[in-house]
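Topology and contacts: notes
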Amino acid sequence: MPGIVCTNLNIAPGQRVAVKGDVLPGAKSFAINLGKSPDVLLLHFNARFDAHGDVKTIVCNSKNKGQWGKELRETNFPFQEGTTAEVLFTHDKKEVIITLPGNHQVKFPNETGLENIEFVCIDGDLNFRSLSLV
Ligand SMILES: C=CCO[C@@H]1O[C@H](CO)[C@@H](O[C@@H]2O[C@H](CO)[C@H](O)[C@H](OCc3cn(-c4n[nH]c(N)n4)nn3)[C@H]2O)[C@H](O)[C@H]1NC(C)=O
């Protein structure tokens, strides 16, 4: 069951997007997807508490014409069940810079070459609170 979907956005390179939500108690996994559509994702940001064989691991990937790209894994996992979390995203033609809670940064290459972000959707165990430009 998909969560919140935001469309018709026009987030330009260099603008910083803040996604805030409540991580559910007993959370297994949540995903924040940014791009053009469900099948063209600049970034799929998947926080896995315990999912797909991963424990407390962030899996990032891109999607083009419905096909997954190359995963990037991050073991700095600053999310806790039952707390509010905010993740910041800044992108340009080269990469997406992800700022995690506690300000650790992860860089993910822009494989899609997408310039503007028009679509954001949140799936899984994160109750959406806000999406803002900061
Ligand atoms: C070792 C066996 C083959 O590799 C595995 O292949 C799986 C299937 O492709 C990989 O999982 C997918 O990884 C994708 C990113 O590369 C996506 O995370 C995909 O899930 C899409 C998704 C998750 N969610 C979601 N998150 N939380 C909830 N409730 N829903 N919504 N859409 C996952 O099903 C999984 O990450 C991958 N594992 C490794 C170690 O490569």
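Our structure's up above, just so we're on the same page.
Predicted, not measured: the structure shown is a model, and the values here were computed from it. (Residues numbered from 1 in each chain as written. Predicted model: local features only at pLDDT ≥ 70, side-chain atom pairs only at ≥ 80, totals over all residues. Heavy atoms only, no water.)

Here we look at the sheet that holds strand β8 (residues 84–91)
Worth spelling out the cut-off: Two strands are counted as paired when DSSP detects at least two bridges linking them. Secondary structure elements follow DSSP: runs of H or I of four or more residues count as helices, runs of E of two or more count as strands, with numbering from the N terminus. To get an axis, fit a line to the C-alpha atoms, keeping to the stretch in contact for a helix; angles then go from 0 to 180 degrees between the N-to-C directions.
Spatially, β10-β9-β8-β2-β12 is the arrangement adopted by the 5 strands of the open sheet, whose pairing is antiparallel. Two strands in the sheet have a free side with no partner beyond their single neighbour: β10 (105–109) and β12 (126–133). Strand-to-strand, the axes of this sheet are offset by a mean angle of 20°, without reference to chain direction. In terms of strand pairing, strand β9 (residues 95–99) meets β10 through 5 bridges, oriented antiparallel.

Examining the pairing of β9
Note the threshold: Note on classification: 1.4 Å probe, protein chains only; a residue is buried when its accessible area is under 20% of the maximum for its type, exposed when over 50%, partly exposed between these limits.
Burial analysis of β9 places 4 of its 5 residues in the buried class, the great majority of the element. Here β8 runs beside β9; their pairing, made up of 4 bridges, is antiparallel. Residue pairing across strands places T90 opposite I97, the latter belonging to β9. Hairpin geometry of β8 and β9 is characterised by an intervening segment of 3 residues between the two adjacent antiparallel strands.

Digging into the pairing of strand β3 (residues 29–37)
When a strand is regular, its side chains alternate between the sheet's two faces. Within β3, 7 of the 9 residues are buried, which leaves it mostly tucked inside the rest of the structure. If you look at the hairpin formed by β3 and strand β4 (residues 40–51), you'll find 2 residues sitting between the two strands. Looking at chain direction, β3 and strand β11 (residues 119–124) are connected through 6 bridges and run antiparallel. Across the sheet, residue N33 finds its bridge partner in β11, namely C121.

A word on the pattern of salt bridges
Note the following rule: Here a salt bridge means any side-chain nitrogen of Lys or Arg lying within 4 Å of a carboxyl oxygen belonging to Asp or Glu.
One pass over the full model with this rule turns up 7 salt bridges. For the salt bridge of K94 with E95, the shortest nitrogen-to-oxygen distance reads 3.5 Å. The class for K94 is exposed, based on a relative accessible area of 60%. Exposure remark for E95: the relative accessible area of 13% places this residue in the buried category. Through salt bridges with shared partners, one network takes in R48, D54, E71 and R73.

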